[in-house]
Amino acid sequence: AVVSAPLKDKALFEIGAAVTVAHLKEPDFANTFKTNFNQLSAEYEMKMKQIWTSATTYSFDGPDYLVNFAAQNSMKVHGHTLLWYKSFPDWFINAAYDSLNFENNVKAYIQTVVGRYKGKIRSWDVANEIFADDGSLRIDASVYKTFKDPIGFYERCFQYARDTDPDAKLFYNDYDQVLNSAKRSSLKKMVERFRKEGYPIDGIGDQFHTTVWTDKATINIGLTDLASTGLLIHISELDIRVNQNKSDSYVFTDAEQQKQANMYKAIVEMYEALPQAQKFAITVWGITDKYSWLLSWWSPKEYPLLFNGDYSKKKAYEGFLSGLK
Ligand code: G3I
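Under an unreviewed UniProt entry, the protein chain has the name Beta-xylanase and belongs to Ginsengibacter hankyongi. Check the Sequence similarities (unreviewed entry) section of the UniProt entry for the protein chain; it says "Belongs to the glycosyl hydrolase 10 (cellulase F) family." Taken verbatim from the UniProt record of the protein chain, the Catalytic activity (unreviewed entry) comment is "Endohydrolysis of (1->4)-beta-D-xylosidic linkages in xylans."

Right under this line is the structure:
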């Protein structure tokens, strides 16, 4: 078999993967991760619900484990994610804080978490998925219900993170900004407002949960438009679905594997075509197909990542590698 170079050795930017503490305790998983990747994203343990156990108590065992694993393996860490409407803890939601208490508590959370990992977590998704699919703000989010000006609240949260760790790169993260022009337009307006009002933002993460049937030209137009902001661009949660009909009888044939490899190659090439100064990382949302979130969210017959269940490299891995300059 062709012994291909580890991805991390060929790229001029970081090659990340999303991992969990539980999976890192499996030797095959950990070895595959540290051999091929040089950046860690927390798929789960760095979310507010997992860390913030009460207004004044925090659970850092999970994040500490991940940060230590990365340090021991000379990997960078991308913190996912400080604010996500799906991850506010129940005790926080039930407190039904007014805007002043809401913000003071969140400010203390950001200062505590970003402060603990100052110098160890090089970048943060400060906010994740604040826009609905039509580009409006998510009205089901507690931030929206609490603040007359939700964007103003997010601006100040980026500032709290900046003040706590001036060296950390601060990202806004979301899905389908590349494919959805309404969402992308709202994102660009928000970036302009941050700049006009003097609030910090360093990068945009587009999750890139995509498919083999997505139009490549549309992806490239959206990605190029996103990059027109001049910000760092993070492909932050890349996985590529193949089972378009969610069919129980889907077979991941050689031809299907090649289709997926071609899409990985195409996306990596689009990213490589961006200005060097705007490249940050490509992060795949998992290591092995058998643990992908898509098996439950999309279909048990899904094969979206770079490694098979036995940790052998897929054609997708070779496709990704061939897309690197
Ligand atoms: O590990 C616990 C287990 O101890 C417990 O018994 C069980 C019962 O609830 O939960 C297990 O945790 C699950 C965790 O994944 C395991 O890693 C959570 O239930 C489950 O909700 C969690 O799902 C994650 C989800 O975010 C919510 O945090 C998915 O793995 C993860 O892929 C998904 O990632 C999101 C990104 O953060 C944002 N973009 C979309 C992406 C996909 O939804």
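Structure's up, so let's keep going.
(A) Local environment of the overall build of the protein chain. The helix and strand inventory of the protein chain stands at 14 helices and 11 strands. Along the three orthogonal principal directions, the C-alpha set of the protein chain runs to about 60 × 40 × 40 Å. Split into buried and exposed, the 325 residues of the protein chain put 57% on the buried side. Restricting to contacts in the protein chain with at least 6 residues of sequence separation, those with at least 24 account for 77%.

(B) The pairing of strand β8 (residues 203-206), seen in detail. Where burial is concerned, the two faces of β8 agree: the one with G203 and G205 and the one with I204 and D206 are both buried. Bridge analysis of strand β7 (residues 169-174) against β8 gives four bridges, and the strand direction is parallel. In the sheet register, D174 faces β8, and the bridge partner there is D206. Tracing the backbone out of β7, into helix α10 (residues 181-197) and back to the parallel element β8 gives a crossover that is right-handed.

(C) Main features of the UniProt feature "active site" (unreviewed entry) in the protein chain. The feature "active site" (unreviewed entry), as annotated in UniProt, sits at E237 in this numbering. Relative to the elements of secondary structure, E237 occurs in strand β10 (residues 232-241). Taking relative accessible area as the criterion, E237 reaches 5% and is therefore assigned buried. With residues up to four places along the chain from it excluded, the contact list for E237 reads H80, N173, D206, Q207, F208, H209, T283 and W285.

(D) Geometry of the packing of aromatic side chains. Summed over all chains, the structure comprises 33 aromatic pairs. Ring geometry for F29 versus Y291: centroids 6.2 Å apart, planes at 45 degrees, classification tilted. Taken as a pair, F29 in helix α3 (residues 27-36) and Y291 in the loop between β11 (279-284) and α13 (294-297) lie far apart in primary sequence, 262 residues in all. What makes F29 buried here is its relative accessible area of 1%. The partly exposed category is assigned to Y291, whose relative accessible area is 28%. Ring plane angle 65 degrees and centroid distance 5.5 Å describe the contact between F153 and Y154, whose orientation is recorded as edge-to-face. Sitting over the ring of Y175, K183 keeps its end group 3.3 Å from the ring centre.

(E) Geometry of the pairing of strand β5 (residues 76-84). Summarising burial for β5: eight of the nine residues are buried, a large majority. The pairing of strand β2 (residues 39-42) with β5 spans three bridges and is parallel. Looking across to β5, one finds that Q39 is bridged to K76. Where β5 lies against strand β6 (residues 123-128), five bridges are found, and the strand directions are parallel. When the bridges of β6 are listed, L83 appears paired with A127.

Rules of the game
- Residues numbered from 1 in each chain as written.
- Predicted model: local features only at pLDDT ≥ 70, side-chain atom pairs only at ≥ 80, totals over all residues.
- Heavy atoms only, no water.
- UniProt positions renumbered as here; feature names shortened; annotations may be inferred.
- Helix = DSSP H or I, 4+ residues; strand = E, 2+ residues; numbered from the N terminus.
- Buried < 20%, exposed > 50% of the residue type's maximum accessible area, 1.4 Å probe, protein only.
- Contact = heavy atoms within 4.5 Å.
- Pairing = 2+ DSSP bridges.
- Right-handed = clockwise from strand over helix to strand, strands pointing away.
- Phe/Tyr/Trp six-rings, centres within 6.5 Å; stacked < 30°, edge-to-face > 60°.
- Lys NZ or Arg CZ within 6 Å of the ring centre and 35° of its normal.

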